[in-house]
Amino acid sequence: MVDAVLIDLFSLPANLQDNIQGLLHNTLETIEKCSSIHAPCVYVMCCQRQGSERKDEQEFLFPALRGFQSLSRRLEVICAETTAAALYTIKQRLDERDLSIIKIILPTIRKDLMKVYLDHLFTAVYKFEFKGLQVVSDCESLQISEPQHEGQTLPSEDVALIQSEIEKYLESLPSLKGKLTILRSSLIPDDIFLHGFTTRTGGISYIPTLSSCNLFSSSKRRDPQAVVKENLRRLANAAGFNPEAFHRVKIDHANAVCIMGKTEPDNYDGIVTNQKGVTLAAPGADCIPVLFADPVRKACGAAHSGWKGTLLGVSMATVNAMVSEYGCNMKDILVVLGPSVGPCCYKLPHESAKEFHRIDPTCVRLFDSANPYIDIRRATRILLERGGILPENIQDDSIRDQKQNITFCTACHPDKFYSHFRDGTNFGTQIGFISIKD
């Protein structure tokens, strides 16, 4: 079953663009006769030349749509000056309707080009099928058929041009949900370190659970890497770091730590450096983004601490890496816990809760229930203090001056933070980041 049909008339030569009404009419006629291409939604993608005064392409093309009662209610014409702009608009329409299986009808010679756009603007959530569109020599009829050749790799310079077109378009989009906001800790000295924790505002991600400054892309979510890259560019511009020297942990929900400058592990939840101008980051969408700073030895680190990583001691593993690699003194290291799911909301099955109860009974509430409430922040603090970090060098939600609190509950603040626990599988992600100033 196909969710939607996309008809690509974008690349028609100028002389055929002038006859787009007739071409569209013939294309729709062909689709209407082809029962195997039936779909709830049909999108027509065509080029709006610069300087065009056509304000409403649907109205302009209305004569071509007459007589297609079965299509007219489910058809939309998308005109834009670039393929990137047209495809991104269609992607928004698909996402509004939660559609994922798309049949694309396009000139065969454009298939390889289209695949590059799709790779950059979509994720593995979407499935695409292709049909060839051939303009017969008399220019008054079209044929839809199977593509005539297997896909080929475009030259790297063509791919680079497409990528540049996409980036330029995404940069032009307005920020959503307000201004980009960065939370900073008063514990970390800002004359030595650049750091912060992001919120969900000020980016371009438009899907409700990802809107708007989502900073993580995966094959299971609808936000492509290109959008996340643009959100990161805006964050870097606001925060003052170089996005080309940005290193994010590769989550494994364990306790491995990457030492910048040494062989990078396949997966790791902690990362440390003493290199200036290198920004380290840890994501969080309920899990704790933890930042580490030593103003004496001028070293820093970041860690992703979910419930598994907390039990495995990822925070102390990151501290120990700073001590062993850079000669840090345990008593000089500052640790800040970022926004994360609080004990007010977070539950785990009783068997998992037992492990937190063993760390300290105060980490668990309603211990005798099937799904007790868990305080992964308190467990993290206790393990850090036992490891030698001074209590006053740890900032979390127990801070005395709540005006300085930045360890908010992600699940309790849907306007400020993403939450996997609250939003389900298509959730967004915020980060904690830190670097040593040049």
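Quick look at the structure, then.

About the criteria used
Residues numbered from 1 in each chain as written. Predicted model: local features only at pLDDT ≥ 70, side-chain atom pairs only at ≥ 80, totals over all residues. Heavy atoms only, no water. Salt bridge = Lys/Arg side-chain N within 4 Å of Asp/Glu carboxyl O. Helix = DSSP H or I, 4+ residues; strand = E, 2+ residues; numbered from the N terminus. Buried < 20%, exposed > 50% of the residue type's maximum accessible area, 1.4 Å probe, protein only. Pairing = 2+ DSSP bridges. Core = buried A, V, L, I, M, F, W, Y, C linked by side-chain atoms within 4.5 Å. Contact = heavy atoms within 4.5 Å. Phe/Tyr/Trp six-rings, centres within 6.5 Å; stacked < 30°, edge-to-face > 60°. Lys NZ or Arg CZ within 6 Å of the ring centre and 35° of its normal.

Focus on the pattern of salt bridges
Phase 1: Within this structure, the stated rule accounts for 19 salt bridges.
Phase 2: With its nearest N and O atoms 2.9 Å apart, the salt bridge here joins R93 to E76. Note that R93 is positioned in helix α6 (residues 83-96) and E76 in strand β3 (residues 75-80), a separation of 17 residues in sequence.
Phase 3: We classify R93 as partly exposed; its relative accessible area is 21%.
Phase 4: Among the salt bridges present, the one from E167 reaches K229, with a minimum N-O distance of 2.9 Å. Of this pair, E167 sits in helix α8 (residues 156-172) while K229 sits in helix α9 (residues 225-239), placing them 62 residues apart in sequence.
Phase 5: Each of the salt bridges in this network shares a partner with another, and the network as a whole consists of K91, D95, D98 and R222.

Overview of the sheet that holds strand β7 (residues 182-183)
By definition, the strands of a sheet pair up through backbone hydrogen bonds, in either a parallel or an antiparallel sense.
Phase 1: Taken in spatial order, the five strands line up as β7-β8-β19-β12-β9 in an open sheet, and their pairing is mixed. Looking along the sheet, the strands with just one partner apiece sit at the ends: β7 and β9 (246-248).
Phase 2: Two strands pair when backbone bridges link them, and strand β8 (residues 193-198) and strand β19 (residues 430-436) are joined in this way by five bridges, in the antiparallel orientation. The residue bridging L194 from the neighbouring strand is S435, located in β19.

Description of the nonpolar core
Most often, soluble globular proteins keep nonpolar side chains buried together rather than apart.
Phase 1: If you look at the biggest cluster of nonpolar residues, it comprises 40 residues, and the most contacted ones within it are Y88 and L170.
Phase 2: Among the secondary structure elements, those contributing two or more residues to this core are β1 (4-8), β2 (41-47), β3, α6, β4 (101-106), α7 (111-121), α8 and α9.
Phase 3: Here the element with the most residues in this core is α6; it accounts for seven residues.
Phase 4: In this structure L170 touches Y88, I204, A226, V227, E230 and R234, once residues within four positions along its chain are discounted.
Phase 5: Counting 37 residues, the second largest nonpolar core, distinct from the first, contains F292, A299, V364 and I394.

Here's the deal with the packing of aromatic side chains
Phase 1: Within the structure shown, the criterion is met by nine aromatic pairs.
Phase 2: When the centroid spacing of 5.7 Å and the interplanar angle of 85 degrees are considered together, the rings of Y88 and Y206 count as edge-to-face. With Y88 in helix α6 and Y206 in the loop between β8 and α9, this pair connects stretches of sequence that are 118 residues apart.
Phase 3: Since its relative accessible area comes to 19%, Y206 is described here as buried.
Phase 4: Measuring from centroid to centroid gives 5.7 Å for F241 and F246, while their planes differ by 15 degrees, and the two rings are stacked.
Phase 5: For F241, a relative accessible area of 8% corresponds to the buried category.
Phase 6: Of the residues examined, F246 reaches a relative accessible area of 13% and is grouped as buried.
Phase 7: Put simply, the rings of Y88, Y169 and Y206 pair up and form one aromatic cluster.
Phase 8: A cation sits over an aromatic face here: R365 above Y373, 4.2 Å from the ring centre.
Phase 9: Between K416 and the ring centre of F408, over which it is positioned, the NZ or CZ distance is 5.0 Å.

Regarding unusual backbone geometry
Phase 1: Here S211 and S212 are connected by a cis peptide whose omega angle stands at 5 degrees.
Phase 2: A positive phi angle, near 60 degrees, is found at D98, a position not held by glycine.
Phase 3: Relative to the helices and strands, D98 resides in the loop between α6 and β4.
Phase 4: Taking the relative accessible area as the measure of exposure, D98 reaches 56% and is therefore exposed.
Phase 5: Of note in the backbone geometry, H253 takes a positive phi value of approximately 55 degrees without being a glycine.
Phase 6: By the secondary structure assignment, H253 is in the loop between β9 and β10 (257-259).

Considerations on the pairing of β1
Phase 1: Summarising burial for β1: five of the five residues are buried, a large majority.
Phase 2: The alternating pattern of β1 places A4, L6 and D8 on one face and V5 and I7 on the opposite face, and all of these are buried.
Phase 3: Sheet topology note: the β1/β4 ladder contains four bridges and is parallel. Paired with V5 across the two strands is K103, which belongs to β4.
Phase 4: In the sheet, β1 pairs with β2 via five bridges, with the strands oriented parallel. The partner of I7 across the bridge, within β2, is V44.

Looking at the side chain of N393
Phase 1: In this structure, N393 sits in the loop between α13 (376-387) and β18 (394-395).
Phase 2: Look at N393 and you get buried, because its relative accessible area is 11%.

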